[in-house]
Amino acid sequence: MPACAAALTKEDSMHLENTYRPHYRLPAMLLFAAASVAIVGGCEVLLDNEEKSKETPAAAGKDAKKPAGEGSAKKTDSKKDAKVAESWPMWGGQTSRNMVNSFATGIPSSWDVASGKNIKWAAPLGSQSYGNPSIADGRVFVGTNNEGKRNPDIAGDKGNIMCFSAADGELLWQAVHDKLSQGRVNDWPEQGICSSPVIEDGVIYYISNRCELVCADVEGFLDGENDGPYKDEKYTSKIDGDFIWVLDMLNEFGVFPHNLATCSPLVVGDLVFLITSNGVERDHIAIPNPRAPSFLAVNKKTGEVEWGSNAPGDGILHGQWSCATYGVANGVPQVLFPGGDGWLYSFKPNDGDLLWKFDLNPKDSKWELGGLGTRNNIISTAVMLGDLVYLAVGQDPEHGEGIGHLYAIDANGAAGDITGKAKVWHYGGEEFKRTISTAAIADGLLYISDLSGFLHCLDEKTGKPYWVYDMLAAVWGSPTVIDGKVFLGDEDGDVVVLEHGKKMKVISETNMDNSVYTTPVAVDGVLYIANRTTLFAIAEKKN
């Protein structure tokens, strides 16, 4: 396992809000075949004290750049919004991570895989696909494994990011990453790449199966150029990926990804925000490196780490598989990180100082191995709209069903531990189970699904349910609102389409011939759905 890459500045145990601010890149750390104690060395750790964590939020980095193209939850007809929004360049489409598409129109409500009705094209992926499509500038990016053997010269289990032409589904190129030698404890077989890339200014950012933050050229090697400074690509044919820089979090910072590194990065201004997936050992008890960063902010141009935090520390319960969110509450910019300890953390984007934290589990909850306990970690991504944050708890789907909790949290003026103060409403218990899904909020309605297969429609302001729809199968993806409709896929391969509204009305249900673990995406009148093995482009066919 990787040795710890962080040096304590004090001999006492690490405070929850410890923050890394590296001034240089670390050398690669030694790997040990069998060791359960983390070895410390090589990186400065600055300790935040309690007084600093209680700093008045009004002082929190007002110069942080507001992300371009942040869409409203509600539909708009403005030409400006339509121009900006004709892409879905990241997980959730926007930095708020709200699963609502405010610009797509003309999206079909029905299609048929067998007959080809409204199927524009279908492109083969690997044998397992969990990454959600990201779309911009005529290209569609999606993560999968190498079982599709799209490049016959590259054989064996790998992690792949595929780039397709949005026009016809042609494979333009693919980035291929070898598996880690440690095996399933760090890089689970045949899972491929689960990260959804961020597309910006001719490059993509994603997390590889090797626990690397990768910056790659959107053209791959098709343009005949090896863009740098990274020049050590193993695969360099015209259909391979061209890396600009690579940050190896496992070897440089001692991150120990449990089972797989999965985060979908977030770009705001010049920073890339991500969760490292640092987690527990093979025995599901020991944490090899609680001092390794769980959250990072990286310069998008150079790949240099600007700051990091190991806030969950030795409180990590299992793995850390969520994603970061950006928002502004009462004029205060902040980046949100759901931690592997069941807490949500908010930091100043520019320097990583802690603003506030919120425990999403009851105080009497207890973690037990295999999902038997009442305490949960967080796999869902937070949604931030104005001053309010919406987030739910869950566990590894293999742990099965259990009691869930969904919170609306008021971030206005938040400072320090706000668990007992900032709850606006709570939805959970027997009526709502564990989830790995992210909410979609539009026109005063909040949609969220749980792992047990129920789609819930709630009042955004009160959390009171309007209706619940039973998918009759487990749900891994997230509901999304597109063109006045709600779309959701399930493990049986069914995609349901319902009317967006306070009254439940099913429009259609279509089987995709294989499990749908992803979330539908729409751009330029085309609906994109990835099942386990195939990416479908769905559009109304003109007579």
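Residues numbered from 1 in each chain as written. Predicted model: local features only at pLDDT ≥ 70, side-chain atom pairs only at ≥ 80, totals over all residues. Heavy atoms only, no water.

Here four strands make up an open sheet; going across it, the order is β26-β27-β28-β29 and the pairing antiparallel. Single-partner strands in this sheet number two, and they are β26 (440-442) and β29 (465-470). Averaged over neighbouring strand pairs, the angle between their axes works out to 15 degrees when direction is ignored. Sheet topology places strand β27 (residues 445-449) next to strand β28 (residues 454-459); five bridges connect them, and they run antiparallel. Bridge assignment links Ser449 to a residue of β28, and that residue is Leu455. (Pairing = 2+ DSSP bridges. Helix = DSSP H or I, 4+ residues; strand = E, 2+ residues; numbered from the N terminus. Axes fitted to C-alpha atoms, helices over the stretch in contact; angles between N-to-C directions.)

Here the focus is unusual backbone geometry. Residues Gly228 and Pro229 are joined by a peptide bond in cis, for which omega reads 15 degrees. Among the structural elements, Pro229 can be located in the loop between β11 (212-217) and β12 (243-248). Although it is not a glycine, Asp201 adopts a positive phi angle of roughly 50 degrees. In this fold, Asp201 is placed in the loop between β9 (198-200) and β10 (203-207). Its relative accessible area of 71% is what places Asp201 among the exposed residues. The phi torsion at Leu472 lies on the positive side, around 65 degrees, for a residue other than glycine. Looking at where Leu472 falls in the secondary structure, it is placed in the loop between β29 and β30 (480-482). (Buried < 20%, exposed > 50% of the residue type's maximum accessible area, 1.4 Å probe, protein only.)

So, about the pairing of strand β23 (residues 403-410). The element β23 is extensively covered by neighbouring structure, given that six of its eight residues are classed as buried. In this structure, strand β22 (residues 388-392) lies alongside β23, joined through five bridges in antiparallel fashion. Across the sheet, the residue bridging to Ala392 is Leu406, located in β23.

Turning to the sheet that holds strand β31 (residues 485-489), a few remarks are in order. Spatially, the five strands line up as an open sheet ordered β3-β30-β31-β32-β33, and their pairing is mixed. Both edges of this open sheet fall to β3 (100-101) and β33 (506-511), since each of them pairs with a single strand only. Note: β3 against β30, two bridges, orientation parallel. Counterpart to Val100 in the pairing with β30 is Val481.

The next point concerns the environment of Leu180. Topologically, Leu180 is positioned in the loop between β8 (171-178) and β9. In this structure the C-alpha to C-alpha distance between Leu180 and Asn209, which are 29 residues apart in sequence, comes to 7.8 Å. In this view, Leu180 contacts Asn186, Asp187, Asn209, Arg210 and Leu250; residues no more than four positions away in its chain are not counted. (Contact = heavy atoms within 4.5 Å.)

Moving on, we get to the packing of aromatic side chains. Under the defined criterion, the tally for this structure stands at 21 aromatic pairs. Summarising the aromatic geometry, the rings of Phe358 and Tyr407 are spaced 5.3 Å apart at their centres and angled 70 degrees between planes, so their arrangement reads as edge-to-face. One end of the pair, Phe358, is in strand β20 (residues 354-359); the other, Tyr407, is in strand β23, and 49 residues separate them in sequence. Between Tyr447 and Trp467 the ring centres are 6.0 Å apart and the planes differ by 50 degrees, which places this aromatic pair in the tilted class. With Tyr447 in strand β27 and Trp467 in strand β29, this pair connects stretches of sequence that are 20 residues apart. (Phe/Tyr/Trp six-rings, centres within 6.5 Å; stacked < 30°, edge-to-face > 60°.)

The analysis is restricted to geometry; functional conclusions fall outside its scope.
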